[in-house]
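Here's the letter readout for the chains.
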Amino acid sequence: MANKTGRVLLYYWGKPRPIEDFLVPPEGGMDWRVPSDLEFDKDYLNICRIEDPEERHACEWGGDEKVLIRKATQKDQIFYMNSEVWTKEDVDRAKSFTKASLSERIYGHQTVAVRQKGSQESILISGIQRVLFDSMFQPAPLLDAKIQETMRSLGLTPGHYGAAHIRASYPTMYARNNGFRGKNGADYDKSDHLLLEGNTKDFTMDLAHHAVKCASGLTLKYMHHEVPSAPPSIPIYVASDSVDTINLLMSESKSQPKLHLVSLPSNGENLHFDAKEFINSPVEDFYSVFVDLWLLKNAACVSYGVGWYGYFGALLTGNACMVQHQSSTGKPLMNCND
């Protein structure tokens, strides 16, 4: 789109570290890096500045949940976007989408669609994400070495294993209604991790086993269809924002010889990119976030729960072999396909 309209697409990400510490343009791909002489205001403004509450709600649901504006200055030129880009037609279009249809876009699986009221038309987006992503991003050299080392140490070959992502520390409706707590107090999510004890532990481990079961069943079916000579036991890589959940899951899996689970070594909890507490942490402390993402991306099939991270990793596999194991309320989807 930028090329067709005579513009340049640049991508900036500076929190908690510059994106170039983790991802760089691939050789022959799109160079999205911001020139060093480009200065811009890093304050982000919400584009949905509409006084009428109903139209404001429609605006926020109709576009990306957070449509951001940047004012950039380079020499004596100013490039900016303002609220006028959100037209009445945009607001009308936003109103034509239901909350359920947009939730399907966020949490949907296999065929991801956005449907207008009264319309059966859908937009299939599964598969294109990997093509676009690979044309723009590859791991920075030090991160790439870490990813390759992890794949080798776990005995994983791209496209020949499954993956399960468990977002244990996400404050879902179920978690809030049942008094789940963080390790350092009542609040948890980005700056803290779930305290596994009592009913919280029981629920989380049931969810983790369910996620693995979904990933294992789907991957075995897929692999034996695609590769008839595939072994009866296929590795399942487990990724989670809770190292305690992974440790318990790995320990319990030892009593199940037919289940081959692998995960990152337990070196502490993954740091969340949106938590201000970690903004000055060394770049290496964030590598595990990208290692998990790349191992989801390289899997044949992925089961994912709430949030965007696991779903994004599933989309990056480039095929439709993905399944949602948890609903947006936090409860398991018992047949992995609701």
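Residues numbered from 1 in each chain as written. Predicted model: local features only at pLDDT ≥ 70, side-chain atom pairs only at ≥ 80, totals over all residues. Heavy atoms only, no water.

In this section: the nonpolar core. As a rule of thumb, soluble globular proteins bury nonpolar side chains together. Ranked by size, the top nonpolar core spans 39 residues in total, and within it Phe22, Leu156, Tyr237 and Leu295 carry the most contacts. Of all the elements in the fold, those that place two or more residues in this core are helix H4 (128-136), helix H5 (141-154), strand S7 (236-240), helix H9 (287-297), strand S9 (301-304) and helix H10 (309-315). Broken down by element, this core gets its largest block of residues, eight residues, from H9. Listed in part, the 19 residues of the second largest apolar core include Ile166, Ala211, Ile246 and Leu249. (Core = buried A, V, L, I, M, F, W, Y, C linked by side-chain atoms within 4.5 Å. Buried < 20%, exposed > 50% of the residue type's maximum accessible area, 1.4 Å probe, protein only. Helix = DSSP H or I, 4+ residues; strand = E, 2+ residues; numbered from the N terminus.)

This brings us to the packing of H5 against H9. Here H5 crosses H9 at 55°, and the two axes come no closer than 10 Å. Relative to H9, H5 is oriented oblique. In this structure, H5 meets H9 at a crossing whose hand is right-handed. Residue-level inspection shows Leu142, Leu143, Lys146, Ile147, Thr150, Met151 and Leu154 of H5 in contact with H9, the latter providing Tyr287, Phe290, Val291, Trp294 and Leu295. (Axes fitted to C-alpha atoms, helices over the stretch in contact; angles between N-to-C directions. Parallel < 35°, antiparallel > 145°, perpendicular 65-115°, else oblique. Left-handed = near helix turned anticlockwise from the far one by under 90°. Contact = heavy atoms within 4.5 Å.)

Right, let's get into the sheet that holds S7. Taken in spatial order, the five strands of this open sheet run S8-S7-S6-S9-S10, and their pairing is parallel. Where the open sheet ends on each side, the last strands, each with one partner, are strand S8 (261-262) and strand S10 (322-324). In this sheet, S9 lies alongside strand S6 (residues 162-166) in parallel orientation, the contact comprising three bridges. Of the residues in S9, the one forming a bridge with Ala163 is Val302. (Pairing = 2+ DSSP bridges.)

So, about empty space enclosed by the protein. Using the criterion set out here, one finds one cavity of 30 Å³ or more in the structure. Here the largest cavity defines a volume of roughly 70 Å³. Around the largest cavity, the lining comprises 13 residues; the ones closest to its centre are Ala168, Phe180, Phe203, Leu207 and Gln326. Considering each element in turn, the lining of the largest cavity owes the most residues, three residues, to helix H7 (residues 198-226). Here the residues of the lining of the largest cavity are counted per class, giving eight nonpolar, four polar and one charged. (1 Å grid on protein atoms, 1.4 Å probe; cavity = no way out; pocket = protein on both sides within 12 Å on 5 of 7 lines; lining within 4 Å. Points joined across faces, edges and corners; volume = space filled by probe spheres on them. Nonpolar A, V, L, I, M, F, W, Y, C, P; charged D, E, K, R; others polar.)

Before going further, it helps to spend a moment on the state of the cysteines. For the coordinates displayed, the defined rule picks out one disulfide. Each sulfur in the disulfide pair Cys301 and Cys321 lies 1.9 Å from the other. Taking the sign of the S-S torsion, 85° for the link of Cys301 and Cys321, the bridge is right-handed. Highlighted residues: Cys301 in strand S9 and Cys321 in the loop between H10 and S10, separated in sequence by 20 residues. (Disulfide = S-S within 2.5 Å.)

Relative to the assigned elements, His165 resides in strand S6. Exposure remark for His165: the relative accessible area of 3% places this residue in the buried category. Apart from the residues within four sequence positions on either side, His165 is in contact with Ala239, Ser240, Leu296, Ser303, Tyr304, Gly305, Tyr309, Gly310 and His325.

Along helix H8 (residues 243-253), the residues classified as buried are Val243, Thr245, Ile246, Leu249 and Ser253. Projected down its long axis, H8 carries its buried residues within an arc of 155°, all on one side. Residues of H8 that are buried sit in contact with S6, H7, S7 and S8. (Arc of directions from axis to C-beta.)

Another aspect to go through is the packing of aromatic side chains. Under the counting rule described, the total for this entry stands at 14 aromatic pairs. When the centroid spacing of 5.2 Å and the interplanar angle of 45° are considered together, the rings of Trp32 and Phe137 count as tilted. Residue Trp32 is found in the loop between strand S1 (23-24) and strand S2 (39-46), and its partner Phe137 is found in the loop between H4 and strand S5 (138-139); the two are separated by 105 residues along the sequence. Of the residues examined, Trp32 reaches a relative accessible area of 0% and is grouped as buried. Members of the aromatic cluster, each reached through a chain of ring pairs, are Tyr11, Trp32, Phe133, Phe137, Trp294 and Phe312. (Phe/Tyr/Trp six-rings, centres within 6.5 Å; stacked < 30°, edge-to-face > 60°.)

Where nonpolar side chains cluster on the molecular surface, the patch consists of Ile128, Val131 and Leu132 and spans about 270 Å² of accessible area. Residue placement: Ile128 occurs in helix H4. Classification of Ile128 as partly exposed rests on a relative accessible area of 43%. (Patch = residues over 30% accessible without salt bridge, like charges linked within 9 Å, V, L, I, M, F, W, Y side chains within 5 Å. Areas by Shrake-Rupley, 256 points an atom, 1.4 Å probe, with all protein chains shown as cover. Salt bridge = Lys/Arg side-chain N within 4 Å of Asp/Glu carboxyl O.)

This paragraph deals with the environment of Met205. Within the element layout of this structure, Met205 appears in helix H7. When the C-alpha positions of Met205 and Leu249 are compared, they lie 7.2 Å apart, and in sequence the two are 44 residues distant.

Here we come to the packing of H7 against H8. Direction vectors running N to C along H7 and H8 enclose 65°, while the axes themselves pass 10 Å from each other. In this structure, the crossing between H7 and H8 has a hand that is right-handed. In this structure, H7 uses Lys201, Thr204, Met205, Ala208, His209 and Val212 to contact H8, whose residues at the interface are Thr245, Leu248, Leu249 and Glu252. The class makeup of the residues in the contact of H7 with H8 is five nonpolar, three polar and two charged.

A separate point is the pattern of salt bridges. Pairs can form between side chains of opposite charge once their charged atoms are near each other. Tallied over the entire structure, the rule returns seven salt bridges. The residue Arg17 makes a salt bridge to Asp21 at a minimum N-O spacing of 3.3 Å. The partner of Lys297 in a salt bridge is Asp134, and the shortest N-O contact between them spans 3.0 Å. One end of the pair, Lys297, is in helix H9; the other, Asp134, is in helix H4, with 163 residues separating them in the sequence. The buried category is assigned to Lys297, whose relative accessible area is 4%.

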